[in-house]
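# Per-entry structural report
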Amino acid sequence: MTTARVEPPRLLGGAFAAVFAASLVFFTGGGVVLPIAPRFAEGPIGADAIGFGIAIGIWSFASLAVRPIVGWSADHYGRRPLLVIGALLTVLALALHLVATSLPLLIGARAILGVAEAAFLVAALAATGDLAPSGRTGEALSLVSLSLYIGLVVGPVLGEAVLGAAGYAGVWIVAGALAAVAAGLAWLVPETRPTARPDGAGTRRRGPILHPAGLLPGVIILCGLWGMAAFLTFLPLHATALGLGGAGPALAVFGAVVIAVRLFGAKLPDRVGAVPLTATALGFTAVGSVIIGLVGGLPGLLVGSAVLGGGVAMTMPAVLTLAISRAPMRVRGSVVGTASLFLDLAFGLAPVFLAPIAAGAGYPAIFLASSVVAVLGAVILLSARSRLVVTPQPAG
């Protein structure tokens, strides 16, 4: 008697491919803008130090402000509309860049970009969680979030090339064209939001704008990605202080490790478990930060960047798997929106808190301080692990 072979649930179907393709094009367009916007604010716009900080930082704060709202909207109105709206708002924002000749116009355009990114990212993550077969949520999130990191690696290179060939206008046009393509691809994504069951009064139940189930995972995201925020903000200055030619090699190592871990370790959240993998990720982040802070020279910087990259790569898939797996599908957008807003908090708060440390104790001290934040995240995680047991959730 032979036993029939059981095929694993299919993940890489047409719907998943559409989400991945739309995300890849969208975040590549975002990567095109990333290194050019600061130069535009400082050069053609002529912003002073305060204006420069507002123009560049408004993106993150706008994204932070609307993320819980777009999470609720993804549950209420659907994932696909938010994907399309996010991409089209990006087209609008980049069109405004073309006519931005003053600081207020640039700030407004950058704020719209932040809102657009929040809408697209939350909807993409929620749709990915919906599409993932049982037991493969972490793998699905790892693969889709890989599109973000590929965009952050490829986009800046493309942006610099376009700037040299066609100036700032060319950059905004290319990035806007990519966002338009992303909108078209997003339209191909089938709606994955489950139909909410009416309650006794015949109304449809939806999650709150700020969902309690996303708060604890969000705090862990804040602790886990604080080191990444410190790394990307202060690494160029730290490399210069070490007498190195620049931060390029360390950034390349960091990006390569993140992409490799996301690609080849996509199944780790499901195989290892979300809680153990999150603890491991926080440990890698802490150790990598310590190496960068304590070991001098290029070798220490490269090794530390690689270890930190491994921790960063594992953090979001593991924590979002934890959050999504514990939430009913009908409130998944709210939970993702709540948890992911702590990503913006990490990138908004880390420079503010670490800059005085750098001024008083030097750049190595900020990486050591970041390692303490990662350890704090591990303590919070392990202290709350009894509350983080993943249980199957009904779809409605």
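All figures in this text were calculated on a predicted structure; none of them were measured in a lab.

Here the focus is the overall build of the protein. The number of helices and strands found in the protein is 13 helices and zero strands. Ordering the α and β elements of the protein from the N terminus gives α-α-α-α-α-α-α-α-α-α-α-α-α. Out of the 396 residues in the protein, the part that is buried amounts to 52%. In the protein, 85% of the contacts between residues at least 6 apart in sequence involve partners at least 24 apart. Of the roughly 16,000 Å² of accessible surface on the protein, 72% is carried by carbon and sulfur atoms.

The predicted model of the protein has a mean per-residue pLDDT of 83, with 89% of residues at 70 or higher. Of all secondary-structure elements in the protein, the lowest mean pLDDT belongs to helix 12 (residues 332-361), at 80, while helix 4 (residues 79-99) reaches the highest, 96. Within the model, pLDDT remains below 50 along residues 1-8, and this stretch shows zero contacts once partners closer than five positions in the same chain are excluded. Note that pLDDT drops below 50 for residues 391-396; the model gives that stretch 13 contacts with residues more than four away or on any other chain.

Next up on the list: the packing of helix 7 (residues 215-241) against helix 12. Relative to each other, helix 7 and helix 12 sit at 40 degrees, their axes nearing to 7 Å. Classified by the interaxial angle, the pair formed by helix 7 and helix 12 is oblique. Crossing angle aside, the handedness with which helix 7 passes helix 12 is right-handed. By residue class, the composition of the contact of helix 7 with helix 12 is 24 nonpolar, three polar and no charged.

Okay, the packing of aromatic side chains next. Under the criterion given, the structure shown has nine aromatic pairs. For the ring pair W72 and Y77, a centre distance of 6.2 Å and an interplane angle of 85 degrees mean the geometry is edge-to-face. Three or more aromatic residues link up through ring pairs in this structure, and these residues are F26, F27 and F120.

Its 21 residues give helix 4 an end-to-end C-alpha distance of 31 Å, which sits within 8% of 30 Å, the value for a rise of 1.5 Å per residue. Turning to helix 4, its buried residues number three or more, namely R79, L82, L83, V84, G86, A87, T90, A93, L94 and H97. Packing partners of the buried residues in helix 4 comprise helix 1 (14-33), helix 2 (36-42), helix 3 (49-77), helix 5 (103-131), helix 6 (137-187) and helix 12.

A rise of 1.5 Å per residue sets the reference length of helix 6, with its 51 residues, at 75 Å; its end C-alpha atoms lie only 23 Å apart and thus fall more than 12% short of the reference. A166 marks where helix 6 bends most, by close to 130 degrees.

What counts and what doesn't
Residues numbered from 1 in each chain as written. Predicted model: local features only at pLDDT ≥ 70, side-chain atom pairs only at ≥ 80, totals over all residues. Heavy atoms only, no water. Helix = DSSP H or I, 4+ residues; strand = E, 2+ residues; numbered from the N terminus. Buried < 20%, exposed > 50% of the residue type's maximum accessible area, 1.4 Å probe, protein only. Contact = heavy atoms within 4.5 Å. Areas by Shrake-Rupley, 256 points an atom, 1.4 Å probe, with all protein chains shown as cover. pLDDT = per-residue confidence, 0-100. Axes fitted to C-alpha atoms, helices over the stretch in contact; angles between N-to-C directions. Parallel < 35°, antiparallel > 145°, perpendicular 65-115°, else oblique. Left-handed = near helix turned anticlockwise from the far one by under 90°. Nonpolar A, V, L, I, M, F, W, Y, C, P; charged D, E, K, R; others polar. Phe/Tyr/Trp six-rings, centres within 6.5 Å; stacked < 30°, edge-to-face > 60°. Expected span 1.5 Å × (residues − 1). Bend = angle between axes of the 7 residues up to and from the residue.

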